[in-house]
Amino acid sequence: MGKDRRNGPVVGVDLGGTNMAIGVVDDKGRVLGRCKRKTKASEGRDRVLARMVEGIERACAEAKVPLKSLAAVGVGAPSAVDWDKGLVIHAGNLGWKRLPLREILEKRLDLPVVVGNDVNVAAVGERRVGAGKG
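No experiment lies behind these values; they were computed from the predicted model shown.

Tallying secondary structure elements over the protein gives three helices and eight strands in all. By element, 51% of the accessible surface of the protein is carried by carbon and sulfur atoms, the whole surface being about 7,700 Å².

Structure below.
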């Protein structure tokens, strides 16, 4: 991966079986750009991943944030996740089993990627900048 980018904006991806929502967020939790896409899981894993990368690029363009200036990408996946490995264990609505999502996205984006369970990462987000803050 490239240089240390810990101080830049981040991208969050809410990956669902029907839709994916992607947002570029600054360090104060302000949404700078966003993109919504249909997941279209029936088209297969590679098309879903390509659509996700395209959505990240579109959200960055809307935010006027170069992809390479991002600090990281976080993905909330509809599955149990091996946090340490960034592995999607079983996302039935996507047809994915034991998918090394972090590794795949890090190679495609040349950025650090974190993968977590969608419900868990939503709760963390609400605690930090949403309804659960304070």
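Let's shift gears to the sheet that holds strand β6 (residues 87-91). An order of β5-β6-β7 is seen for the three strands of this open sheet, with the pairing classed as antiparallel. Because the sheet does not close on itself, it has two edges, and the strands there are β5 (81-82) and β7 (96-99). As judged from the two bridges shared by β5 and β6, these two strands associate in the antiparallel manner. By the bridge assignment, Asp82 is partnered in β6 with Leu87.

Within helix α2 (residues 101-109) the residues assigned to the buried category are Leu101, Ile104, Leu105 and Leu109. The buried residues of α2 all sit within an arc of 110 degrees when viewed along its axis, so they share a single face. The elements touched by buried residues of α2 are α1 (45-63), β4 (72-77), β6, β7 and β8 (113-117). At the exit of α2 stands Asp110, carrying a positive phi of roughly 55 degrees.

The biggest cluster of nonpolar side chains holds 35 residues, and the ones touching the most others in it are Ile56, Val73, Val75 and Trp96. Residue assignment for this core shows that the elements contributing at least two residues are β1 (10-15), β2 (19-25), α1, β4, β6, β7, α2 and β8. Of all the elements, α1 adds the most residues to this core, at eight residues. Residue contacts for Ile56: discarding those within four places in its chain leaves Val11, Val13, Ile22, Leu67, Val73 and Leu109.

We now examine the environment of Leu101. Position of Leu101 relative to the elements: it lies in helix α2. Distance in space between the C-alpha atoms of Leu101 and Leu49 is 9.0 Å, their sequence separation being 52 residues. Once residues lying within four places of it in the same chain are set aside, the contact partners of Leu101 are Leu49, Val75, Gly86, Val88, Trp96 and Val115.

Another point: the pairing of strand β3 (residues 31-38). Note that β2 and β3 share seven bridges and pair antiparallel. Of the residues in β3, the one forming a bridge with Val24 is Gly33. Taken together, β2 and the strand that follows it, β3, pair antiparallel across an intervening segment of five residues, in which Gly29 is found at a positive phi of about 85 degrees.

Rules used throughout
- Residues numbered from 1 in each chain as written.
- Predicted model: local features only at pLDDT ≥ 70, side-chain atom pairs only at ≥ 80, totals over all residues.
- Heavy atoms only, no water.
- Helix = DSSP H or I, 4+ residues; strand = E, 2+ residues; numbered from the N terminus.
- Areas by Shrake-Rupley, 256 points an atom, 1.4 Å probe, with all protein chains shown as cover.
- Pairing = 2+ DSSP bridges.
- Buried < 20%, exposed > 50% of the residue type's maximum accessible area, 1.4 Å probe, protein only.
- Arc of directions from axis to C-beta.
- Contact = heavy atoms within 4.5 Å.
- Core = buried A, V, L, I, M, F, W, Y, C linked by side-chain atoms within 4.5 Å.

Remember, this is a structural readout, not a statement about activity or role.
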